[in-house]
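Spelled out from the first residue to the last, the chains are:
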Amino acid sequence: MATYERRTTVRAPLEEVWEFHSRIDGLEAVTADWMNLRVEALLGPDGEPDPDVLEVGTEISLSMQPFGVGPRQHWTSLITERERGDGSAYFRDEMVHSPFAFERWEHTHAFYADGDRTVLRDRVEYELPLGALGEAASPLSGVGFEAMFRDRHRRTKAHLES
């Protein structure tokens, strides 16, 4: 499986960064406006709508329409892991449905205390279709990931460091 990873240090305590990313409004805040993101449905592990926290078993159904062009693209992911330890925390979401040609997509959002700052690490493990041909093309995916995650990390810092 191919991997993309980005790290950023945020001048905010772990608990504040963890709480921000543990809620759907955190995702909305770090997504570029031009993506026209819409949360279509948010179901908690017991089927309750709109849970406050993205716990294990939460299903997130989103749609986006980049630049307002073309039909809305739908994406569904499931929170499969979530853990808060001493000085660190993480959660993982896995793709259930996507308009993109991924055979597999696992996104780990990890947070590490660094004094009064937090190291934010996004790690995406993904698999493109077509076997060896997909593997050969996977470095090209990194170009899009880099721009997206650079912007998300910038927005996280802007939101939490102000």
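How each quantity is defined
- Residues numbered from 1 in each chain as written.
- Predicted model: local features only at pLDDT ≥ 70, side-chain atom pairs only at ≥ 80, totals over all residues.
- Heavy atoms only, no water.
- Pairing = 2+ DSSP bridges.
- Helix = DSSP H or I, 4+ residues; strand = E, 2+ residues; numbered from the N terminus.
- Axes fitted to C-alpha atoms, helices over the stretch in contact; angles between N-to-C directions.
- Contact = heavy atoms within 4.5 Å.
- pLDDT = per-residue confidence, 0-100.
- Buried < 20%, exposed > 50% of the residue type's maximum accessible area, 1.4 Å probe, protein only.

The protein is annotated in an unreviewed UniProt entry as Ligand-binding SRPBCC domain-containing protein of Natronobacterium haloterrestre.

(A) Here's a closer look at the sheet that holds strand β6 (residues 104–114). The strand order β1-β7-β6-β5-β4-β3-β2 describes an open sheet built from seven strands, whose pairing is antiparallel. The sheet is open, and its two borders are formed by β1 (2–10) and β2 (38–43), each paired with just one other strand. Between one strand and the next, the sheet's axes are offset by a mean angle of 20°, whatever the strand orientation. Pairing geometry for β1 and strand β7 (residues 117–127), over nine bridges, is antiparallel. Within β7, the position partnered with Thr3 by the bridge is Glu125. Across the sheet, helix α1 (residues 14–21) lies against β1, β4 (73–84), β5 (88–97), β6 and β7, angled at about 155° from β6, the strand it touches most.

(B) Structural context of the confidence of the model for the protein. Looking at the protein, pLDDT values average 91 and 90% of them are 70 or higher. Scored below 50 in pLDDT, residues 136–140 makes four contacts in the model with residues more than four places away or belonging to other chains.

(C) Summary view of the pairing of β6. Note that β5 and β6 share seven bridges and pair antiparallel. Bridged to Ser88 within β6 is Tyr112. Linkage of β5 to β6, two consecutive antiparallel strands, is achieved through a turn of six residues. Pairing between β6 and β7: eleven bridges, direction antiparallel. Counterpart to Glu106 in the pairing with β7 is Glu125. Connecting β6 to the antiparallel partner β7 that follows it, the hairpin turn spans two residues, and Gly115 within it adopts a positive phi of roughly 65°.

(D) Structural detail: the environment of Leu128. With respect to the helices and strands, Leu128 occurs in the loop between β7 and α3 (132–161). Taking the relative accessible area as the measure of exposure, Leu128 reaches 18% and is therefore buried. Between the C-alpha atoms of Leu128 and Val56, which are 72 residues apart in sequence, the distance is 25 Å.

(E) Molecular detail of the environment of Phe102. Mapping Phe102 onto the fold places it in the loop between β5 and β6. A residue is classified by how much of its surface remains accessible, and Phe102, at 15% relative accessible area, is buried. The sequence separation of Phe102 and Trp18 amounts to 84 residues, and the corresponding C-alpha distance is 28 Å. Leaving out residues up to four positions away in the same chain, Phe102 has contacts with Met95, Tyr126, Glu127, Leu128 and Phe145.

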